[in-house]
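Residues per chain, in single letters:
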Amino acid sequence: MRVVEKTQLMSATEIDRTLQRVAHEIVERSGGTAHLALIGVRRRGVPLAQRIALAMRAIDGVDVPVGTLDITLYRDDLSMVAAQPVLQSSEIPFSVDGKDLILVDDVLYTGRTIRAAMNGLFDLGRPRRVRLCVLIDRGHRELPIEAAFIGRTVQTSDMEIIEVRLQEVDQEERVMLVERVP
Amino acid sequence: MLLIKGGRLVDPASGTDAPRDILIDGERIAAVETPGKIGKRNGDVQEFEAAGLIVAPGFIDMHCHLREPGGENSETIETGTRAAARGGFTAVCPMPNTRPVHDNASVTRSIFERAQNAQTRVWPIGAASIGSKGEALAEIAAMQKAGVVAVSDDGHPIATAKLLRQVMDYCRSLGMPVIDHCEDTSLAAGAAMREGPSSIRTGIRGMPAAAETIGVGRDIQIAELTGCHFHVAHLSARGSLEMVRAAKKKGLAVSCEVTPHHFTIIDEEVGYDTHRKMNPPLGSREDRAALIEGLADGTVDAIATDHAPHEPATKEVEFDRAPFGITGFETALGLALELVHAKKIGLARMVELFTTGPARVLGKQRKIAAGEPADLTVFSTEHPWTFRAAESASKSRNTPFDGREFRGGPMATIVAGRVVYRR
Amino acid sequence: MIHPETSAAELRIAPEEIVPFRFNDLLAIEPLHADEITFLLDQAKPFQEIQRHPLKKLATLRGKTVGIAFFEASTRTRISFTTAASRLGADAMQLQAEASSLQKGESLLDTVRTLDAMKPDCIVMRHSSSGAADFVARHLEIPVLNAGDGTHEHPTQALLDALTIRDRLGHLDGWNVTIIGDILHSRVARSNIHLLSRFGCRITLCGPPMWVPQELEHLSACGEPVRRVTRVEEALDGADIVIVLRVQQERLHEPKLPLDEYVMRYQLTPERLTLARPGALVLHPGPMIRGLEIDPAVADGPQSCVLEQVTNGLAVRMALLFLLIGHAGEDVSAAKESI
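Residues numbered from 1 in each chain as written. Chains lettered and ligands numbered in written order. Predicted model: local features only at pLDDT ≥ 70, side-chain atom pairs only at ≥ 80, totals over all residues.

### A few points about the sheet that holds strand β2 (residues 36-41) of chain A
Residue and element names in this part refer to chain A. Strand order in the open sheet made by the five strands is β3-β2-β4-β5-β6, with parallel pairing throughout. The open sheet has two edge strands with one neighbour each: β3 (66-69) and β6 (149-153). If you compare each strand with its neighbour and ignore which way they point, the axes differ by 25° on average. As paired strands, strand β4 (residues 100-108) and strand β5 (residues 129-137) are joined by eight bridges and run parallel to one another. Looking across to β5, one finds that L108 is bridged to D137. Across the sheet, helix α1 (residues 12-28) lies against β4, β5 and β6, angled at about 150° from β6, the strand it touches most. Helix-sheet contacts for helix α2 (residues 45-60) involve β2, β3, β4 and β5, and the interaxial angle to β2 is about 155°. (Pairing = 2+ DSSP bridges. Helix = DSSP H or I, 4+ residues; strand = E, 2+ residues; numbered from the N terminus. Axes fitted to C-alpha atoms, helices over the stretch in contact; angles between N-to-C directions. Contact = placed C-beta atoms within 7 Å.)

### Structural notes on the interface of chain B and chain C
Taken together, the contact between chain B and chain C spans 16 residues of the former and 21 residues of the latter. Within the side of chain B that touches chain C, the residues separate by chemical class into seven nonpolar, four polar and five charged. (Nonpolar A, V, L, I, M, F, W, Y, C, P; charged D, E, K, R; others polar.)

### Observations regarding the pairing of strand β8 (residues 174-181) of chain A
Residues and elements named next belong to chain A. For strand β1 (residues 2-10) and β8, the ladder comprises seven bridges, and the chain directions are antiparallel. Pairing of V4 across the sheet is with E179, part of β8. Strand direction decides the pairing type here: strand β7 (residues 160-165) and β8, joined by six bridges, are antiparallel. Of the residues in β8, the one forming a bridge with I162 is L177.

### Here's the deal with unusual backbone geometry
All names here are of chain B. In the segment running from E68 into P69, the intervening peptide bond is cis, with an omega of 10°. The topology assignment puts P69 in the loop between β6 (59-64) and α1 (77-86). Along the chain, R99 connects to P100 via a cis peptide bond; the corresponding omega equals 5°. Inspection of the secondary structure puts P100 in the loop between β7 (89-94) and α2 (105-114).

### Section: the sheet that holds β7 of chain B
All names here are of chain B. With parallel pairing, the three strands of this open sheet are ordered in space as β6-β7-β8. Each edge of the sheet is formed by a strand with only one pairing partner; in this case those strands are β6 and β8 (121-122). Taken together, the two bridges between β7 and β8 define a ladder with parallel strand orientation. The partner of A91 across the bridge, within β8, is R121.

### Points about the domain arrangement of chain B
All names here are of chain B. Each assigned domain of chain B is listed with its residue range as follows: domain 1 (2-55 + 371-422) and domain 2 (59-362). Each of domain 1 and domain 2 has a C-alpha centre, and these two points are 26 Å apart. Taken residue by residue, the interface counts 28 residues in domain 1 and 41 residues in domain 2. No other element matches strand β18 (residues 405-415), which puts seven residues into the side of domain 1 that touches domain 2. Class assignment for the residues of the side of domain 1 that touches domain 2 results in 13 nonpolar, 10 polar and five charged. (Domains from an automatic or database assignment.)

### Thoughts on the arrangement of the chains
In this assembly two pairs of chains touch, with chains A and C having more contacts than any other pair. In this structure chain A stays clear of chain B, and the shortest span between their C-alpha atoms is 32 Å.

### Looking at the nonpolar core
Membership of the largest hydrophobic core comes to 161 residues, with the highest contact counts inside it found for V242 and L321 of chain C. Ranked by residues supplied to this core, first place goes to helix α12 (residues 306-325) of chain C with 11 residues. Excluding anything up to four places from it in sequence, V242 of chain C contacts T178, I180, L236, L268, A276, A280, L281 and V282 of chain C. Core analysis: the second largest hydrophobic core is formed by 105 residues, V32, I140, M168 and I222 of chain B among them. (Core = buried A, V, L, I, M, F, W, Y, C linked by C-beta atoms within 7 Å. Buried ≥ 20, exposed ≤ 12 C-beta atoms within 10 Å, placed from the backbone.)

### Description of the pairing of β2 of chain A
Residue and element names in this part refer to chain A. Among the six residues of β2, six are classified as buried, and the element is accordingly described as predominantly covered. On β2, burial covers both faces: L36, L38 and G40 on one face and A37, I39 and V41 on the other are all buried. In terms of strand pairing, β2 meets β3 through four bridges, oriented parallel. Among the inter-strand pairings, G40 is bridged to a residue of β3, identified as T68. The β-α-β motif built from β2, the intervening α2 and the parallel element β3 has right-handed crossover chirality. (Right-handed = clockwise from strand over helix to strand, strands pointing away.)

### Quick notes on the packing of helix α6 (residues 155-169) of chain C against helix α7 (residues 187-197) of chain C
Residues and elements named next belong to chain C. Interaxial distance between α6 and α7 falls to 8 Å at its minimum, and their mutual angle equals 55°. Put simply, α6 runs oblique to α7. Both α6 and α7 take part in a crossing whose hand is right-handed. Of the residues in α7, those touching α6 at P155, Q157, A158, D161 and A162 are V188, S191, N192 and L195. Among the residues forming the contact of α6 with α7, the class breakdown is five nonpolar, three polar and one charged. (Parallel < 35°, antiparallel > 145°, perpendicular 65-115°, else oblique. Left-handed = near helix turned anticlockwise from the far one by under 90°.)

### Description of the domain arrangement of chain C
Residues and elements named next belong to chain C. In terms of domain boundaries, chain C breaks down into domain 1 (19-154 + 312-333) and domain 2 (156-306). Summarising the inter-unit geometry, the C-alpha centres of domain 1 and domain 2 are found 26 Å apart. Taken together, the 21 residues of domain 1 in the interface contact 21 residues of domain 2. Mapped onto the side of domain 1 that touches domain 2, the elements with two or more residues apiece are α2 (34-50), β4 (144-149) and α12. Tallied by class, residues from the side of domain 1 that touches domain 2 come to nine nonpolar, seven polar and five charged.

So this is what it looks like as structure tokens:
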């Protein structure tokens, strides 16, 4: 299977502006930042969460803790995946009990990743609230999961894939729409 | 009548290595002449074209297991000798560890009866002690009268020096050799491999080479004491060979045999393959080199296969639990020829190891001359062939040589004037 | 629908995030390279962490079955593997082989084939014959995990020992390791020698001479041969890590060693431990016989790692089960090619 690049959806500047906007929204709609915490879903949710936390510090002077979550062990599709993923550790250096958690991921698609992430979170304790923040919502949900904070909504077809490329992981910064070619 | 034409006769007894024609009449050799010189005879003469082939006296395998009576699932005298004939052997000496143990003349007679279906001559070896239990002497003289050619408690060493002395005293008076499976049982107990770096690596309990050498030492002393002919079965260690060499130098009637697997495979190649598990176990690289030297310089008298068939199910188990032994009739000559091709031993010497060597130990003759029994082994030193266990005439398949490609091997086997095998 | 060939790219699993090694079975440490061992230890880390969660049970291997076939008595290792399987959400199929049909004469192969016919996803096996796991792996398609075969190897023990060492000391490279006890009959010793020598550790073996034969010197994978020493004081001098083996009082075919002799000459006492480097680690594969091979003060002291070994054992075994059966089992290299 090959992929072919179709269009650029977001440039580096657009990503940055979007994250700033989202950070503001979270602060506005959280009724206080005292119990807020961000959890980035590996891999690309992690740098996104860190950047949002930085932005929130600039807005509010508040230090929102950031944790990282590896969902490999919580996936429901491992039996169907031919390539076996390497396990990474999750690092959540605070208790989730009673926290107002924001899960951060790059792309919301079928919703299965987020379901797995929630399973992982609830193994750790009992958060007060969990909301979802994504850079791109591309539709095609297979589960009843919605994001509270969305960078951009994009209509896509099944043959398409959205690639969020971030400096920390991909050494470049943009969002691409690519297509699977048989 | 059968005329074997154009072959190269290698006959150690007469020192001949030259082209010869051989005429066989009935069960005996009628004439041996330079090619074309055998005159017309009355009656039908079948011709056997032996150009490019070696014609040797009939090979003898002086150590094998035919399992009958009692172990017919893995082999019978008929199937075993058929495999032996395919290996070029004209006579085989089955060991007495059957069920019941071959320790009295009525078992001897029943063996000869079953051997009526045999493809080769059968010269049985009787037990030295009753049941091979190492306590009391077996009916050795009666067995000899019935046709036994030597005694042994093979499978075990003859249990005590005291018993060995009695057996050897007795056998000296009967003119029969005593063949011993030399082993110190306390060192060998529970072991499945040669002790060394390989056994350490695989975690299999090993027995040191000393387990065999101690047994050889004991037996040589008793042989010297009694004056009996003593033959070391399946010698595997350098130290044992050195003892035999020294004993021969001293003029003692000591002889020994080596199996093809011991001069071919070593302990490093065993792993957990139960088709490489035997007793004595495969030796080290140094042992193999010493054995080959002994084959060449005359310290070793015979190549004997220790053909030990086992049903596949019994070998398809964890290494520890597998029985000892592999089959060997059909691959012996091919493996010995590997040594000839590698220039480790000469061709005539190799033929000795299969013919006059074992014959001398057993008090028999092996030569090609008018009037001698027509037992001949015809083989090639060049014909390429592959040994396939599935095609073996033996009932058993426990061999490490399945699929091995050989250069040279048996082409025809003639026993008492009858062609029992032809490739 | 996720198609196996495309799912890696679909799910944004980059090539470097795919398991780089094929482990169909884990039978021994000897065939593994240092980087494969490092990878296995890294994969155990998330499972160490999970054991600190209030809720320790995952659904990752839900629907999978782990066949646990122990043909040799063992409580602790069996419990460790069973717990590892169930914490991953898998079911464990227990073969109580100590009282099984094996004693009725059924062959190992038949016993294992019967188990296999009930379709477990893998078999974890312990057996008293060296090479038994290799034998079974040759006859079954499903992965086989060796939990100890005769005196040959006990790979998960060496891995959990290595994880313990790495966590405490930061790395595995170049340590002075002393192993005390009946080395000849120890599969733990062999696996540890194979593993630690691959990281350049200098290994010293110490015990009664008939239990420390010369051939052990050849087991080292690094330049330096393994050292054999009969006096425990000499063996402990400069050691960074001390592994104490248990003494098996019943040995077939062996004359028994008087235990008082053993205690006098080889027991790891606090005094003897001071001969090692300060802060040297003390490991023991268990079960310990306090007062025999190890002084209770040492067993309970700050240098002893025995409890961490147990916790790490669980993490290592979870990681291995996940690695062996946590996916579809398609050819990893085929998946790589499709990306």
